[in-house]
Amino acid sequence: MPCRPEARPGFCLDHAGVKAWLQERDPEVLQDLWSEADRVRKSHVGDEVHLRGLIEVSSHCIRHCLYCGLRAPSIGLERYRMDPAEILACAQEATRLGYGSVVLQGGEDPGLTRDFIAVVVRAIKRDTPLAITLSLGERSDGDLRAWRKAGADRYLLRFETSDPVLYRRIHPDLPGIPSDRLAQLMRMRDMGYEIGTGVMVGIPGQTWDALAFDILRFRDFDIDMIGVGPFLPSPRTPLGGPDAGAYLAPPDDQVPNDELTTLKTLALTRLACPDANIPSTTALATLDRERGRELALLRGANVVMPNVTPLPYRARYEIYPGKACVNETATACQGCLEGRIHRLGRRIGRGPGSRNKTLCKDLTACDFHH
Ligand code: SAH
């Protein structure tokens, strides 16, 4: 989409403009990006930070994704699948902690059958006021419709990268079923789900051009929720093993998987999608335990997803090693996060925290939005 002539000087978010910002390294120049992202966040989604309780329901997975520690070929993992009563108890804990929604996330696990998830969703809807987000990978339209009918409100499915060649390399198809996550997202939107997606920053083989396209794609598909976190190598996977170097793009093209690049991606995502819900991700908090959560909230994010998975399972949901907060109880996580949010002068959002599509309150931000 061409940049409109009246766009704010310096914030022309066409492909070249986004790429130039992504590659900017001068801290003084970047101050403009940080303050613009924070301003747009404040004017479109306000000071409330919504908390979503994350329940990691299963670590079984049939996929062979080259980036994820839960991939089917990973050995030495003690796999688990929570039972419906355990999942419901986590949802009740989330309610007790004051969270307005829960996210049921897992590997792509056929053991999480259509009926299993429908029963769980109905029970949570019956017993709690929570909004429910599912994040269970690529599933049939029959499953997705049944879960929506049972009461699921939202679905998270990251497209991981908009580069089709890189995507096919890192996310092999299931035999005979071409993976098309964007198509699934669009079908889910038609079913009435709020849709979430996102990418990893610094995947081996990811170029600056591709990352700039990712951000434009969030905007062009009018995504409701967008998660952006650094790629963190897992030694259980090809992209984190001894041969990982073979997957890298040439040095000038390869996006680094560092905090600064992740924060630039997040800030630009906020500018491109002013009213989206954007989390401060656990992956970023894992890279920078001291300041990762806060820096994301200061540079565009308005959501945090505290983990409410029972501790014995949490360490076993090892997408990547060294995950932040892996040994903190749900109550400790809540106290820690609420403290961090209040110290930033922000408020905890109550209620489900759905996307609130804004009309153009803020014309300068909207110049490059449309
Ligand atoms: N099975 C579900 C949920 C996967 S976990 C699905 O495929 O959608 C959720 C997200 O974690 C993934 O979409 C991916 O973006 C991220 N992730 C996986 N492996 C990662 C890694 N090594 N580093 C950083 N993020 C990772």
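Scroll up for the structure.
Keep in mind that this is a model prediction, so the values were computed, not measured.

Tell me about the site of the ligand, and please be specific about residues and values.
Surrounding the ligand, one finds 17 residues, the nearest of these being Y67, G106, E160, R181 and L232. Between the ligand and R181, the relevant distance is 2.9 Å, taken from an oxygen atom to a side-chain nitrogen or oxygen of the residue. Take L232: an N or O atom from its main chain is 2.7 Å from a nitrogen atom of the ligand. Out of a free accessible area of 550 Å², the ligand has 92% covered by protein chains. Broken down by class, the residue content of the shell around the ligand amounts to nine nonpolar, four polar and four charged.

If you had to explain the nonpolar core to someone new, which residues and values would you point to?
Core analysis: the largest hydrophobic core is formed by 96 residues, its most contacted members being L134, W147 and Y193. Setting aside residues up to four positions removed in sequence, Y193 forms contacts with L134, L144, W147, R148, A152, D153, R154, Y155 and M188. Counting residues in each nonpolar core, the second largest holds six residues, with L54, V103, M225 and M305 among its members.

Please set out the packing of aromatic side chains residue by residue, giving values where relevant.
Applying the stated criterion to the full structure yields four aromatic pairs. Where F11 meets W21, the ring centres are 5.3 Å apart and the plane angle is 15°; that geometry is what we call stacked. One end of the pair, F11, is in the segment before α1 (15–23); the other, W21, is in helix α1, and ten residues separate them in sequence. A relative accessible area of 9% means that W21 is categorised as buried. When the ring of F159 is compared with that of F218, the centres are 5.6 Å apart and the planes differ by 45°; the resulting orientation is tilted. Of the two residues, F159 sits in the loop between β4 (154–156) and α6 (164–170) while F218 sits in helix α8 (residues 208–220), which places them 59 residues apart along the sequence. We note that F159, like F218, is buried. R148 extends its terminal NZ or CZ atom over the ring of Y193, reaching a point 5.8 Å from the ring centre. Positioned above the aromatic ring of W34, the side-chain terminus of R299 is 4.1 Å from the ring centre.

Definitions and cut-offs
- Residues numbered from 1 in each chain as written.
- Predicted model: local features only at pLDDT ≥ 70, side-chain atom pairs only at ≥ 80, totals over all residues.
- Heavy atoms only, no water.
- Near = heavy atom within 4 Å.
- Polar contact = N/O pair within 3.5 Å; in protein donor to acceptor, adjacent residues only side chain to side chain.
- Areas by Shrake-Rupley, 256 points an atom, 1.4 Å probe, with all protein chains shown as cover.
- Nonpolar A, V, L, I, M, F, W, Y, C, P; charged D, E, K, R; others polar.
- Core = buried A, V, L, I, M, F, W, Y, C linked by side-chain atoms within 4.5 Å.
- Buried < 20%, exposed > 50% of the residue type's maximum accessible area, 1.4 Å probe, protein only.
- Contact = heavy atoms within 4.5 Å.
- Phe/Tyr/Trp six-rings, centres within 6.5 Å; stacked < 30°, edge-to-face > 60°.
- Helix = DSSP H or I, 4+ residues; strand = E, 2+ residues; numbered from the N terminus.
- Lys NZ or Arg CZ within 6 Å of the ring centre and 35° of its normal.

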